[in-house]
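# Reading the structure
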Amino acid sequence: MSDLVRNFIGGQWVEGSGGVYASINPATEETVADISSASPADVDAAVKAAKEAYKEWRLMPAPRRGEILYRVAQLLTERKDDIARIATQEMGKILAETRGDVQEAIDMAFYMAGEGRRLFGYTAPVEMPNKFGMALRDSVGVVGVITPWNFPVAVPSWKILPALIAGNTIVFKPGEDTAATGAAFVKVFEDAGLPPGVLNIVQGAGVPGEALVTHPGVRIISFTGSTLTGLAVYSKAASLGKKVTLEMGGKNAIIVLDDANLQLAVDAITWSAYGTTGQRCTACSRLIIQKGIKPKLMEALIEKARSIKIGYGLEDAVQMGPLVNQRALEKVASYMSVARNEGVKIVAGGERPNMDKGFFFEPTLFDGVTPNMRVAQEEIFGPVLSAIEVGSLEEAVEVNNNTPYGLSSSIFTENVNAAFRAIRDLSTGIVYINHGTTGAEIQFPFGGTRGTGNGMREAGQAGLDSFTEWKSVYVDYSGRLQRAQIDNEDILGKLE
Ligand code: UN1
């Protein structure tokens, strides 16, 4: 198949003037689709369409907006398998995982559709008689959504759905490796009856994203992706006075204490580290193990890592797909020499498997890692896990917290006191007890501390904060000039 994937601007699927590139299947190296890139002029047209559509969309009662999102949820459910297949072809993770990816968007669509009948603000008593006060969530305008390829449906849904229910309109730039998936996602909104211009998609690498960040008509940028790009987006957008939400990376750890349930820990570590070929920002890339359980745990993990079936994600029984592209493969492979130079022992994997085609890399386990080594500090974004030995819970927590990132962390222990101490002291945005570092659900805030983001959160109620501004409203129904209007200090003393 090699259809041309277009841009969706003002309710029309149009060719962009930024050239055409191929979206490549990382397992077969065949072309999945040709993608028509947007130029800055196309982005400008998309922002104008979104601005125009905002005039009416913000006035549509939120419960009506919610009804459209319910239809989005239904259509996504019907198309779950089709969209998942496109995503597996474009970015490589196995079908069960791309189905899970679409499911997160379905969950988010139902959740945010329901918000159409809530979007709670609040009232509070006011100081003067015959006066009323309330705080409302207000829409902001045009939102620029820039997302990566690793969760090509879920991550856009975390931004697009709350932004829409709150009354904003959107220009969406998906990761260039998953352009066809992004287009299939946007088609769902079109078919659900979203008015033209409310959601637009512009395709391409670099240029359209930059045009979106600098466009004066875009009020908010919501970005998920690499730290390097995220920080560039942040400083550029901030210099233009825009609101930015960032979600960038992780160096997530699982702590295993001596009293842990070994089998449970082995399974959870395996899928947190090697699921999605390690290409999740929530992936476990550090294993912090208490001394006593280490020999048994490492032995079981080595066996497990070696048993994982690698291959094309659309084929049955395959458990781990390829890395997303050649660049990603080279980056992951380069960390093998970084590890060797740091004196690390590669106890499983470390090589490209013997396959004709595709950007595959073996599930890899490093032993003898110390907390400040590069492999323990830098986000590798591949199936690579570093084991670090510690003596105590306190030391484990310290090692966990000592990275530039703070997305998710986990501890395996049967001791309730240790678990609660960990909840208190682990300084990440997400904490798991007896569960791997992945699998966040959409009804809770998602995001991280330190270099993972800029303090904003996605999903749950917190997700609405990114796409709304508070409007405080005072209604004076006294029919006269009350003193508080003139001087609101010491109001009670001045009451007439
Ligand atoms: C990501 O890697 O960017 O918690 C998102 C998880 C998924 C989302 C990951 N629900 O692993």
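All figures in this text were calculated on a predicted structure; none of them were measured in a lab.

## Quick look at the packing of helix H9 (residues 262-274) against helix H10 (residues 294-307)
At their nearest, the axes of H9 and H10 sit 10 Å apart, and the two run at 45° to each other. As far as their axial angle goes, H10 and H9 are oblique. In this structure, H9 meets H10 at a crossing whose hand is right-handed. Contacts between H9 and H10 involve Leu262, Val266, Asp267, Ile269, Thr270 and Tyr274 from the first element and Lys296, Leu297, Ala300, Leu301, Lys304 and Ala305 from the second.

## Focus: the packing of helix H3 (residues 80-91) against helix H4 (residues 95-115)
Relative orientation of the contacting elements H3 and H4 amounts to 125°, with a least axis distance of 8 Å. When the axis of H3 is compared with that of H4, the two are oblique. Once H3 is placed against H4, the crossing between them reads as right-handed. Where H3 approaches H4, its residues Lys80, Asp81, Ile83, Ala84, Arg85, Ala87, Thr88 and Met91 are matched on the opposing element by Leu95, Thr98, Arg99, Val102, Gln103 and Ile106.

## Considerations on the domain arrangement of the protein
According to the domain assignment, the protein consists of domain 1 (7-248 + 453-472) and domain 2 (252-433). Inter-centroid distance (C-alpha atoms) of domain 1 to domain 2 is 31 Å. In this assembly, 22 residues from domain 1 lie in contact with 25 residues from domain 2. The contact between domain 1 and domain 2 buries some 2,000 Å² in all, and 60% of this surface belongs to carbon and sulfur atoms. On the surface where domain 1 and domain 2 come into contact, there are zero salt bridges. In terms of residues, the side of domain 1 that touches domain 2 owes the most to one element, H3, which gives four residues. Residue classes in the side of domain 1 that touches domain 2 are distributed as eight nonpolar, seven polar and seven charged.

## Some points on the packing of aromatic side chains
Here the structure, examined in full by the defined rule, presents six aromatic pairs. Here Trp149 and Phe381 contribute two aromatic rings whose centre-to-centre distance is 5.9 Å and whose plane-to-plane angle is 80°, an arrangement assigned as edge-to-face. With a gap of 232 residues between them, Trp149 in the loop between strand S8 (142-146) and helix H5 (154-165) and Phe381 in the loop between helix H12 (374-377) and strand S17 (384-390) connect regions that are remote in the sequence. Consider the rings of Trp158 and Phe446, whose centres lie 4.5 Å apart with planes at 55°: the pair is tilted. With Trp158 in helix H5 and Phe446 in the loop between strand S20 (430-433) and strand S21 (449-450), this residue pair connects regions lying 288 residues apart in the sequence. Residues Trp158 and Phe446 agree in their burial class; the two are buried. The positively charged end of Arg65 is found above the aromatic ring belonging to Trp57, 5.9 Å away from the centroid. One residue, Lys93, lies across the ring of Phe151, its end atom 3.6 Å from the ring centre.

## Brief notes about unusual backbone geometry
Positive phi, close to 40°, is recorded for Leu119, a residue that is not glycine. Relative to the helices and strands, Leu119 is located in the loop between H4 and strand S6 (122-123). Relative accessible area serves as the criterion here: at 17%, Leu119 is assigned to the buried category. The phi angle at Asn434 is positive, at roughly 50°, despite the residue not being glycine. Relative to the elements of secondary structure, Asn434 occurs in the loop between S20 and S21. Residue classification places Asn434 among the partly exposed residues on the basis of a relative accessible area of 27%.

## Some points on the layout of surface pockets
When its volume is computed, the largest pocket comes out at roughly 1,100 Å³. Taken together, 39 residues form the lining of the largest pocket, with Trp149, Phe223, Gly225, Ser226 and Thr229 sitting closest to its centre. For the lining of the largest pocket, the secondary structure elements donating two or more residues are helix H7 (207-214), strand S11 (218-224), helix H8 (227-239) and helix H11 (326-341). Counting residues per element, the lining of the largest pocket draws most heavily on H8, which supplies six residues. For the lining of the largest pocket, a count of residues per class yields 17 nonpolar, 13 polar and nine charged. Here the lining of the largest pocket spans two domains, and each of domain 1 (7-248 + 453-472) and domain 2 (252-433) adds at least three residues to it.

## Notes on the environment of Val332
Along the chain, Val332 turns up in helix H11. Residues Val332 and Ile380, 48 residues apart in the sequence, show an inter-C-alpha distance of 6.2 Å.

## Some words on the site of the ligand
Surrounding the ligand, one finds Glu104, Asn150, Phe151, Val155, Trp158, Arg280, Cys281, Thr282, Thr438, Gly439, Ala440 and Phe446. Between the ligand and Asn150 there is a distance of 3.4 Å, counted from an oxygen atom to a side-chain nitrogen or oxygen. Residue Ala440 places a main-chain N or O atom 2.7 Å away from an oxygen atom belonging to the ligand. Burial of the ligand by the surrounding chains reaches 99%, relative to a free accessible area of 320 Å². The cavity that encloses the ligand is the largest cavity. For the shell around the ligand, the per-class residue count stands at six nonpolar, four polar and two charged. Counting contributing residues per domain, the shell around the ligand is built from domain 1 (7-248 + 453-472) and domain 2 (252-433), each supplying no fewer than three.

Cut-off values and rules
- Residues numbered from 1 in each chain as written.
- Predicted model: local features only at pLDDT ≥ 70, side-chain atom pairs only at ≥ 80, totals over all residues.
- Heavy atoms only, no water.
- Axes fitted to C-alpha atoms, helices over the stretch in contact; angles between N-to-C directions.
- Helix = DSSP H or I, 4+ residues; strand = E, 2+ residues; numbered from the N terminus.
- Parallel < 35°, antiparallel > 145°, perpendicular 65-115°, else oblique.
- Left-handed = near helix turned anticlockwise from the far one by under 90°.
- Contact = heavy atoms within 4.5 Å.
- Domains from an automatic or database assignment.
- Buried area = accessible area lost by both parts, 1.4 Å probe.
- Salt bridge = Lys/Arg side-chain N within 4 Å of Asp/Glu carboxyl O.
- Nonpolar A, V, L, I, M, F, W, Y, C, P; charged D, E, K, R; others polar.
- Phe/Tyr/Trp six-rings, centres within 6.5 Å; stacked < 30°, edge-to-face > 60°.
- Buried < 20%, exposed > 50% of the residue type's maximum accessible area, 1.4 Å probe, protein only.
- Lys NZ or Arg CZ within 6 Å of the ring centre and 35° of its normal.
- 1 Å grid on protein atoms, 1.4 Å probe; cavity = no way out; pocket = protein on both sides within 12 Å on 5 of 7 lines; lining within 4 Å.
- Points joined across faces, edges and corners; volume = space filled by probe spheres on them.
- Near = heavy atom within 4 Å.
- Polar contact = N/O pair within 3.5 Å; in protein donor to acceptor, adjacent residues only side chain to side chain.
- Areas by Shrake-Rupley, 256 points an atom, 1.4 Å probe, with all protein chains shown as cover.
- Sits in = over half its atoms within 2 Å of the grid points.

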